[in-house]
Structure formats: C-alpha cells, structure tokens
Amino acid sequence: MATDTKKLLNAKQIEEAEAFIRAQPRICRGPLREQERKAVAQLLDEGRLEEAKAMDETGRNHPETGANTCGADFNNIVVAGPWDGRQHPYKCPRCGVVGKYTAPTFAAPQPTNEGDPV
Ligand SMILES: [Zn+2]
C-alpha cells in the first residue's frame, strides 16, 4: 500500500507542494477524434514520432468549437491528490477525456539538530 504523502505534510508544506505542481502547466488537450486516433496509433507503431505528433495536434483541432484544447486545468486533479506516486485514472470534468497519470510524492523534511546548542 503506497503512502499518501499529502497526509504527512503540514499546511505550509502542502501549500509549497501545490505551488511546485502548478509550476508545470497541465492543460487538458481535449478529445482526439477517432479517425486521427487510429492514424496516430499507426504512425507510432511505425516509429514516425514527428508525424504522429502533428497528426495528434490536427485531430484535436475542433472546427465546431474553434479550439484545439479543452482548456481545463489538469493540475486541479493532481493537487486534489492523493500524492502517493502511483498511477491513477482520471476523467476531465470539462470534456470527459479519460486517461491515467502518475501522482507525485513529497517527503516531509526530517527534523534536524541544526541550530541546537552544542
Ligand atoms: Zn478536458
């Protein structure tokens, strides 16, 4: 059983950990259309990474909305925890995209003797 390190931190440490998570922007890119999903999988199978990346971007450009991202802040899910270093399923609350992510872990600073009188 992995430990949820969020439970080991005090309020200030949780605040710092949250800032650390949010320092890396994670915006939901929205659903990949079925046609492009198949094409991307095929390109990846063939090791054509650059073309797969370009196809992935094309497949997320949704003319009906004029957007190529969903725009939801995925960091809200990461921050909500747990912070146990394990893989978790997620579902975007805005567009419904599902996937998996690996949760971060944070170590609480160990007490030291620093500053103690000798
Ligand atoms: Zn989304």
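This is a predicted model, so every value here is computed, not measured.

A. Local environment of the overall build of the chain. A count of helical and extended segments in the chain gives four helices and two strands. Summarising the internal contacts of the chain: among those between residues at least 6 apart in sequence, 56% fall at separations of at least 24.

B. A look at the pairing of strand β1 (residues 87-91). Little of β1 is tucked away: zero of the five residues are buried. Across five bridges, β1 lies against strand β2 (residues 98-102) in antiparallel orientation. Within the sheet, the bridge partner assigned to K91 lies in β2 and is V98. Hairpin remark: β1 followed by β2, antiparallel, with six residues in the connecting loop; positive phi at G96, about 85°.

C. Highlighting unusual backbone geometry. Look at the link from G81 to P82: it is a cis peptide, with omega at 5°. Among the secondary structure elements, P82 is positioned in the loop between α4 (75-80) and β1.

D. Region of interest: the packing of helix α2 (residues 34-45) against helix α3 (residues 49-59). At a minimum axis separation of 9 Å, α2 and α3 run at an interaxial angle of 170°. With respect to α3, the element α2 is oriented roughly antiparallel. Each of E36, R37, A39, V40, L43 and L44 in α2 lies in contact with α3, whose residues at this interface are E51, A52, M55, D56, T58 and G59.

E. Molecular detail of the environment of L9. Examined against the element boundaries, L9 turns out to sit in the segment before α1 (11-22). For the pair L9 and A108, spaced 99 residues apart in sequence, the C-alpha separation works out to 5.7 Å. Apart from the residues lying within four places of it in its own chain, the contact partners of L9 are I14, A17, F106 and A108.

F. Layout of the environment of K53. Here K53 shows up in helix α3. Taking the C-beta count within 10 Å as the criterion, K53 has 13 such neighbours and is therefore assigned partly exposed. C-alpha separation for the pair K53 and L43, spaced 10 residues apart in sequence, amounts to 9.1 Å.

Here is what the cut-offs are and how they apply
- Residues numbered from 1 in each chain as written.
- Predicted model: local features only at pLDDT ≥ 70, side-chain atom pairs only at ≥ 80, totals over all residues.
- Helix = DSSP H or I, 4+ residues; strand = E, 2+ residues; numbered from the N terminus.
- Contact = placed C-beta atoms within 7 Å.
- Buried ≥ 20, exposed ≤ 12 C-beta atoms within 10 Å, placed from the backbone.
- Pairing = 2+ DSSP bridges.
- Axes fitted to C-alpha atoms, helices over the stretch in contact; angles between N-to-C directions.
- Parallel < 35°, antiparallel > 145°, perpendicular 65-115°, else oblique.

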